Amino acid sequence: MKPRIIIFAAAAFIVGALAAFVAINLTGKASGPVVSQVSGKALIGGPFTLTDHTGKTVTEKDFAGGFTLVYFGFTYCPDVCPTELQIMTAALEQLGDKAEKVTPVFISVDPKRDTVEQMASYVTNFHKRLVGLTGTPEQVKAAAKAYRVYYAEVKDETSSAGYTVDHSSIVFLMGPKGDYLAHFSHGTSPQKMAEGIAKHL
Ligand code: NI
């Protein structure tokens, strides 16, 4: 493409993105752009079958009746995942006793390396009730698809495995029926996350 065309395409994209952003914020409540909320049914969540960090097979039904705070990532992630899992932990700690209704859940997008044993050791770094879930590549793919989470293996020569995993970094709050309630974009503070969760409890 000629440079001028590229610039025009880029400008059109930016205008479109801004329009979408404004539209989202106009339809949302008074909340800022950091904590997004959607009323009505969003197509996030759904059935899954995975294995928890104790080796037990679990499905979405095992979490029915309680709230879940769900995050997809992988244990070899250098900083994005540990940061977000620490924020989830801090948010739940801020909620005090109310947090007992909420189960934090970490779903692996790297099932090759994230064995049950690896998950069991990793979850001890974070909230004491954090549930680590992994599975076959197909099971993980289905779970990520249900939550509309993007992930992809990419080459990484600095990793001993030769790859890392790119993934979206979004925390989902799901209700007692497995219904989507809210999501928190990467970088949301523990305070904001705690407030966003408390609204739904
Ligand atoms: Ni990560």
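What counts and how
Residues numbered from 1 in each chain as written. Predicted model: local features only at pLDDT ≥ 70, side-chain atom pairs only at ≥ 80, totals over all residues. Heavy atoms only, no water. Helix = DSSP H or I, 4+ residues; strand = E, 2+ residues; numbered from the N terminus. Contact = heavy atoms within 4.5 Å. Buried < 20%, exposed > 50% of the residue type's maximum accessible area, 1.4 Å probe, protein only. Pairing = 2+ DSSP bridges.

1. Considering the environment of Leu 50
In step 1: When you line up the elements, Leu 50 lands in strand β2 (residues 49-52).
In step 2: Spatially, the C-alpha atom of Leu 50 lies 9.0 Å from that of Glu 60, the residues being 10 residues apart in sequence.
In step 3: With residues up to four places along the chain from it excluded, the contact list for Leu 50 reads Lys 56, Thr 57, Val 58, Ile 107, Leu 133, Thr 134, Gly 135, Gln 139, Val 140 and Ala 143.

2. A closer look at the pairing of strand β10 (residues 180-185)
In step 1: Within β10, five of the six residues are buried, leaving the element largely enclosed by the surrounding structure.
In step 2: By the bridge criterion, five bridges tie strand β9 (residues 170-174) to β10 in an arrangement that is antiparallel. Looking at β10, one finds that Phe 172 is bridged to His 183.

3. Concerning unusual backbone geometry
In step 1: Of note in this structure, Arg 148 is not a glycine but carries a positive phi near 55°.
In step 2: Secondary-structure assignment places Arg 148 in the loop between α4 (137-146) and β7 (151-155).
In step 3: Take Arg 148: its relative accessible area is 55%, and that puts it in the exposed class.

All we've got here are geometric facts, nothing functional implied.
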